[in-house]
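# Understanding the architecture of this molecule
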Amino acid sequence: MGVFQFKRFDVDDTLCGMKVGTDGVLLGAWTRCSGYGRIIDAGCGSGLIALMMAQRNGKALITAVDVSAEACADARSNADRSPWGGRISVECRDLTTDPWPDLTPGPLLIISNPPFFSETLHSPEQDRALARHGEGFDVISLIRMSSRMLSGSDDALAFVAPWSRRDEIEFELSLCRMEMRRMCAVTTREGREPSRILVEAGIQPPVPSGMEREELTLRDASNILTPRYIRLTSEFYLDK
C-alpha cells in the first residue's frame with residue numbers, strides 16, 4: 001500500500017503481506033499496556049502494533065516477531081525510523097515451533113492481530129495468503145502458544161478476532177487454563193451487529209476475577225466517526 005503517517009511515527013508496509021488496517025490500530029489503542037517490562041508483538045507484519053506499544057509504554061522492551069522475512073524487513077525499517085528503535089527488536093521466526101529465550105524482565109504482554117480469514121480462494125501472493133489465512137498461526141495457536149509463555153498473574157495476552165468466533169475463543173481459553181479479563185464488541189456502524197472482538201486474557205486465577213465488557217461503535221447512523229472512537233485513536237491518527 002505504501003507509507004502511513006501517524007502522529008509520532010510512520011509505517012511502510014510495502015513488502016509485508018498483511019497491510020495496515022483498522023483492526024491493528026484499534027487493538028494497539030485499546031489494550032492496556034502500562035506496567036509491562038516485556039511486550040511481544042506476535043505476527044507483527046509491518047510492526048504497527050509494536051510501534052504503538054513503544055509510544056504508549058515508555059519503558060518496555062518490545063520484540064516484534066513474524067515468520068515472513070519481508071514483513072520483518074518492513075518492521076525493522078519502521079522501528080529504526082521511529083523515536084523508539086533502541087527498545088524494539090525484530091525477530092524472524094516461527095512462534096509456534098521455535099523455543100523462546102528467557103523473557104525477563106516482566107511482566108509480559110503478548111499482543112497480536114492474528115490471521116483469521118478462511119475464504120476458499122487464497123490471495124495470489126504467497127505472503128499475503130499466509131498472513132490472511134493463518135497457515136500455521138491463527139487465533140487458536142496464538143492462545144495455545146501464549147498459555148505456555150505466560151507465567152504470572154500480571155502477564156497478559158491481547159488480540160483481535162472475528163465476533164463470530166467469541167464462543168470458540170472462550171472455550172479454547174478455558175482449555176488452556178486462561179480466562180478472558182476484558183472484551184470489547186466492535187461494531188463498524190450504529191445499528192449493525194458486531195464484527196470484531198477485542199480480548200484481554202490471562203492465567204486463570206484460583207477464584208474467577210470477573211470480566212469487563214465493553215462496546216465500541218466506529219461510526220454513527222449518519223456514517224460519522226463516534227466521539228469514543230476518536231478519543232481512543234487520537235494519540236495516533238493525524239486527523240483526530
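Predicted, not measured: the structure shown is a model, and the values here were computed from it.

Another point: the overall build of the protein chain. Within the protein chain, the secondary structure is distributed over 7 helices and 10 strands. By residue count, 51% of the 240 residues in the protein chain fall in the buried class. Total accessible area on the protein chain stands at roughly 11400 Å², and carbon and sulfur atoms take up 50% of it.

All told, the structure shown has 3 aromatic pairs when counted by the stated rule. Seen from their ring centres, Phe-6 and Phe-9 are 5.0 Å apart, and the 25° between their planes marks the pair as stacked. Residue classification places Phe-9 among the buried residues on the basis of a relative accessible area of 5%. Considering the side-chain rings of Phe-6 and Tyr-237, the 6.0 Å spacing of their centres and the 25° angle between planes classify their relative orientation as stacked. Taken together, the positions of Phe-6 in the loop between strand 1 (3–5) and strand 2 (10–12) and Tyr-237 in the segment after helix 7 (227–233) put the pair 231 residues apart, joining distant regions of the chain. As far as the burial class goes, Phe-6 and Tyr-237 line up, both buried. The ring of Trp-30 carries the charged tip of Arg-182 above its face, separated from the ring centre by 3.9 Å.

For Arg-177, which is not glycine, the phi torsion reads 55° and is therefore positive. With respect to the element layout, Arg-177 can be found in the loop between helix 6 (166–175) and strand 8 (178–189). The backbone of Asn-223 shows a phi angle near 70°, a positive value even though the residue is not glycine. A residue is classified by how much of its surface remains accessible, and Asn-223, at 35% relative accessible area, is partly exposed.

Our focus in this paragraph is the environment of Leu-216. Tracing the backbone through its elements, the reader meets Leu-216 in strand 10 (residues 212–219). Look at Leu-216 and you get buried, because its relative accessible area is 1%. Between the C-alpha atom of Leu-216 and that of Arg-228, which follows or precedes it by 12 residues, the distance is 7.4 Å. Leu-216 has contacts with Leu-26, Cys-184, Ala-185, Val-186, Thr-187, Arg-228, Tyr-229 and Leu-232, leaving out every residue within four places of it along the chain.

Quick notes on the rules
Residues numbered from 1 in each chain as written. Predicted model: local features only at pLDDT ≥ 70, side-chain atom pairs only at ≥ 80, totals over all residues. Heavy atoms only, no water. Helix = DSSP H or I, 4+ residues; strand = E, 2+ residues; numbered from the N terminus. Buried < 20%, exposed > 50% of the residue type's maximum accessible area, 1.4 Å probe, protein only. Areas by Shrake-Rupley, 256 points an atom, 1.4 Å probe, with all protein chains shown as cover. Phe/Tyr/Trp six-rings, centres within 6.5 Å; stacked < 30°, edge-to-face > 60°. Lys NZ or Arg CZ within 6 Å of the ring centre and 35° of its normal. Contact = heavy atoms within 4.5 Å.

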